[in-house]
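So the chains spell out like this:
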Amino acid sequence: MDALLPELKTDQTATTHLACSGIRGAWVVAPAMTVTRAHATPESLVLETPAGLVGFSARTGTFSPNASTATTLVTRPDTSIVAAAVAGGIDVFDPVVGQWNRVATTLSSG
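Residues numbered from 1 in each chain as written. Predicted model: local features only at pLDDT ≥ 70, side-chain atom pairs only at ≥ 80, totals over all residues. Heavy atoms only, no water.

## Focus: the nonpolar core
Note that soluble globular proteins tend to have their nonpolar side chains buried in a common cluster.
1) Next: Listed in full, the 10 residues of the largest apolar core are Ala 19, Val 28, Ala 30, Met 33, Leu 45, Leu 47, Val 54, Phe 56, Ala 58 and Phe 63.
2) Next: Elements represented by at least two residues in this core include exactly β5 (44-49) and β6 (52-57).
3) Next: If we ignore the near neighbours within four places in the chain, the residues touching Val 54 are Met 33, Leu 45, Val 46, Leu 47, Thr 49, Phe 63, Ser 64, Pro 65 and Trp 100.
4) Next: Counting 7 residues, the second largest nonpolar core, distinct from the first, contains Val 46, Leu 53, Val 82 and Trp 100. (Core = buried A, V, L, I, M, F, W, Y, C linked by side-chain atoms within 4.5 Å. Buried < 20%, exposed > 50% of the residue type's maximum accessible area, 1.4 Å probe, protein only. Helix = DSSP H or I, 4+ residues; strand = E, 2+ residues; numbered from the N terminus. Contact = heavy atoms within 4.5 Å.)

Here it is, written out as structure tokens:
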């Protein structure tokens, strides 16, 4: 494991997920969920689940759910930015405080 890159582990029955924070030097048990895909940045994990997105902050060691179903996820591996284009705006996970923030916007094609 990279010392600063969070990591997700699942037990053999795929029922328990653990997230590792290299910043805090600790493994944290995730809330019960089905993870379909994980996106790692140096300070966070964003997990895709059938119920929406869940952000994990390596700084705080906490999970933050976001019920919005993203249509597009944008990650920058060289930063800790993870943004999700959702109906009515863009949701950004902030790993410094361990929460989601929404910026209202009108998305248009063209």
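Picking up after the structure, the text goes on.
## Some remarks on the packing of aromatic side chains
1) Next: This model, assessed by the stated rule, comprises 2 aromatic pairs.
2) Next: Measuring from centroid to centroid gives 5.3 Å for Phe 93 and Trp 100, while their planes differ by 55°, and the two rings are tilted. Of the two residues, Phe 93 and Trp 100, both sit in the buried class. (Phe/Tyr/Trp six-rings, centres within 6.5 Å; stacked < 30°, edge-to-face > 60°.)

## Points about the environment of Ala 104
1) Next: Within the secondary structure, Ala 104 sits in strand β11 (residues 99-104).
2) Next: Of the residues examined, Ala 104 reaches a relative accessible area of 67% and is grouped as exposed.
3) Next: In sequence terms Ala 104 and Val 86 are 18 residues apart; their C-alpha atoms lie 9.5 Å from each other.
4) Next: Ignoring any residue separated from it by four or fewer positions in sequence, one finds Ala 104 in contact with Gly 88 and Gly 89.

## A closer look at the pairing of strand β9 (residues 82-86)
1) Next: By the criterion of burial, β9 is predominantly enclosed, with 5 of the 5 residues buried.
2) Next: Residues Val 82, Ala 84 and Val 86 of β9 are buried on one face, and the alternating residues Ala 83 and Ala 85, pointing to the opposite face, are buried as well.
3) Next: In this structure, strand β8 (residues 72-75) lies alongside β9, joined through 4 bridges in antiparallel fashion. Residue Leu 73 lies in a different strand from β9, and its bridge partner there is Ala 84.
4) Next: Sheet topology note: the β9/strand β10 (residues 89-94) ladder contains 5 bridges and is antiparallel. Residue Val 82 lies in a different strand from β10, and its bridge partner there is Phe 93.
5) Next: What sits between the antiparallel neighbours β9 and β10 is a turn of 2 residues, in which Gly 88 has the positive phi angle 90°. (Pairing = 2+ DSSP bridges.)

## Observations concerning the pattern of salt bridges
Any two side chains of opposite charge can pair, on the condition that their charged atoms come close.
1) Next: Across all of its chains, the model carries 2 salt bridges by this definition.
2) Next: Arg 59 serves as the salt-bridge partner of Glu 43, at 2.8 Å between the closest nitrogen and oxygen. Of this pair, Glu 43 sits in the loop between β4 (37-41) and β5 while Arg 59 sits in the loop between β6 and β7 (62-66), and the two are 16 residues apart along the sequence.
3) Next: With a closest N to O distance of 2.6 Å, Arg 102 and Asp 91 form a salt bridge. You can see Arg 102 sitting in strand β11 and its partner Asp 91 sitting in strand β10, a full 11 residues away along the chain.
4) Next: Assessed through its relative accessible area of 46%, Arg 102 is described here as partly exposed.
5) Next: Assessed through its relative accessible area of 3%, Asp 91 is described here as buried. (Salt bridge = Lys/Arg side-chain N within 4 Å of Asp/Glu carboxyl O.)

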